[in-house]
Amino acid sequence: MKRLAAAHEHLDGPLTDEDVLAGNLRDLRRLNRFLGGVSLSRHAIDALVLEQHLPDEPPMRLIDVGTGGADIPLALLEAWGKRGRRLSVTAVDSRPEVLGAASVLHPAIANEADLRLEVADGRQLPFADGAFDVAHASLVLHHLEPGDAALLVREMSRVGRKGVVINDLSRGWLTWLGAWLILHLITRNRFTLDDGPLSVRRAYTIAEARQLVAQAGLRVVHQEVGFAGHRWAIAAVAEDRQPEGEAGVRESGVAASPTRGLPS
């Protein structure tokens, strides 16, 4: 499947219907939770920092770029808390309407001391170099054409001193068909029904994403593909940085290398 360039999703346009927007973010939360989006991000972040971040240290600082409904930051805060680790998340989105809908959808955000929402464009982040330990983006890359996608990765690397994590869809006809079928079974939200299959057609394959990362001067140290092959996540560090350790990830009793799935 050839990548569909210069296309626009509902989330890229006017967001005047608050109910439809909230419904779309609710659908994305369900998909992230039940189809592995959260676990892919968690594994990739763990591969970069888990073993180096001790319980008695200050919170690990994460920026979530293009946070949407902020469901992944909330899930990560819960997961780190269960393991006795401390996490602080700054969740940014370029659309204030989206952050407003996230606050309505998740009232717990207002009471979460370790999560703050800010308006910011991932291509020009208003933070100092190395302001965070890890920069993370989920379902953002496919919205951008290659030039802007590379700019996003470079900005994430600039503010994330230990590395970046990118989590996104994998382009392909089977993924497109699966998205169309699943979404028509679980929702009637017009944003979700239109944007979901279109997102697959706009998405980058994992090989294309690795090329974008390399062009931004980064080296992939962890790679994982979702259970249905519909989604992937990579963790990368700047070429001139060495990983501070190799953190094995254990999920359901199965150990995984931080470079799982990388070609030999």
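I will try to describe carefully the structure that is included in this document.

Conventions adopted
- Residues numbered from 1 in each chain as written.
- Predicted model: local features only at pLDDT ≥ 70, side-chain atom pairs only at ≥ 80, totals over all residues.
- Heavy atoms only, no water.
- Axes fitted to C-alpha atoms, helices over the stretch in contact; angles between N-to-C directions.
- Helix = DSSP H or I, 4+ residues; strand = E, 2+ residues; numbered from the N terminus.
- Parallel < 35°, antiparallel > 145°, perpendicular 65-115°, else oblique.
- Left-handed = near helix turned anticlockwise from the far one by under 90°.
- Contact = heavy atoms within 4.5 Å.
- Nonpolar A, V, L, I, M, F, W, Y, C, P; charged D, E, K, R; others polar.
- Buried < 20%, exposed > 50% of the residue type's maximum accessible area, 1.4 Å probe, protein only.
- Arc of directions from axis to C-beta.
- Core = buried A, V, L, I, M, F, W, Y, C linked by side-chain atoms within 4.5 Å.
- Phe/Tyr/Trp six-rings, centres within 6.5 Å; stacked < 30°, edge-to-face > 60°.
- Lys NZ or Arg CZ within 6 Å of the ring centre and 35° of its normal.
- Pairing = 2+ DSSP bridges.

For the pair helix H2 (residues 37–49) and helix H3 (residues 71–82), the least separation of the axes is 10 Å and the interaxial angle reads 55 degrees. Judged by the inter-axis angle, H2 sits oblique to H3. When the axes of H2 and H3 are compared, the crossing they make is right-handed. Between H2, through Gly-37, Val-38, Ser-41, Arg-42, Ile-45, Asp-46 and Val-49, and H3, the contact on the second element is made entirely by Ile-72, Ala-75, Leu-76, Ala-79 and Trp-80. Here the contact of H2 with H3 is built from residues that sort into eight nonpolar, two polar and two charged.

For the rest of this paragraph, the subject is helix H8 (residues 206–215). Residues Ile-206, Ala-209, Leu-212 and Val-213 constitute the buried set of H8. One side of H8 holds all its buried residues, which, seen down the axis, span an arc of 115 degrees. Exposed residues on H8 whose side chains face more than 90 degrees from its buried face are Gln-211 and Gln-215. In the core, the buried residues of H8 are packed alongside helix H5 (146–159), strand S5 (160–169), strand S6 (218–225) and strand S7 (231–238). Note on H8: the residue one or two positions beyond its end, Gly-217, has a positive phi of about 85 degrees.

Ranked by internal contacts, the top residues of the largest apolar core, which has 32 residues, are Ile-63 and Leu-141. Secondary structure elements with two or more residues in this core: strand S1 (60–65), strand S4 (132–138), H5, S5, H8, S6 and S7. Here the element with the most residues in this core is H5; it accounts for six residues. In contact with Ile-63, other than residues within four places in its own chain, are Thr-90, Val-92, Leu-125, Phe-127, Phe-132, Val-134, Ala-135, His-136 and Val-159. Within the second largest apolar cluster, 27 residues are counted, among which are Leu-40, Val-49, Val-221 and Ala-235.

Quick look at the packing of aromatic side chains now. Each aromatic ring pair is characterised by the separation of its centres together with the angle its planes make. This structure, assessed with the given rule, holds two aromatic pairs. Look at Trp-173 and Trp-176: their rings are 6.2 Å apart centre to centre, the planes differ by 75 degrees, and that puts the pair in the edge-to-face class. Of the two residues, Trp-173 and Trp-176 both sit in helix H6 (residues 173–186), three residues apart, roughly one turn of that helix. By relative accessible area, Trp-173 is classed as exposed at 54%. By relative accessible area, which is 26% here, Trp-176 ends up partly exposed. Geometry around Tyr-204 places Arg-3 over its ring, the cationic atom sitting 4.3 Å from the centre.

Another point: the sheet that holds S7. Read across the open sheet, the seven strands follow the order S3-S2-S1-S4-S5-S7-S6; overall the sheet is mixed. The open sheet has two edge strands, strand S3 (115–119) and S6, and neither has a second partner. The average undirected angle you get between the axes of adjacent strands in this sheet is 20 degrees. With six bridges joining them, S4 and S5 adopt parallel strand pairing. Residue pairing in the sheet places Ala-137 in a bridge with Ile-166 of S5.

Before going further, it helps to examine the packing of helix H1 (residues 18–34) against helix H7 (residues 190–202). Orientation of H1 relative to H7, taken along the N-to-C sense of each, is 55 degrees, at an axis distance of 8 Å. If you check the angle between H1 and H7, you find them oblique. The segment H1 lies against H7, with Val-20, Leu-21, Asn-24 and Asp-27 engaging Arg-190, Phe-191 and Thr-192. Among the residues making up the contact of H1 with H7, the classes are represented as three nonpolar, two polar and two charged.

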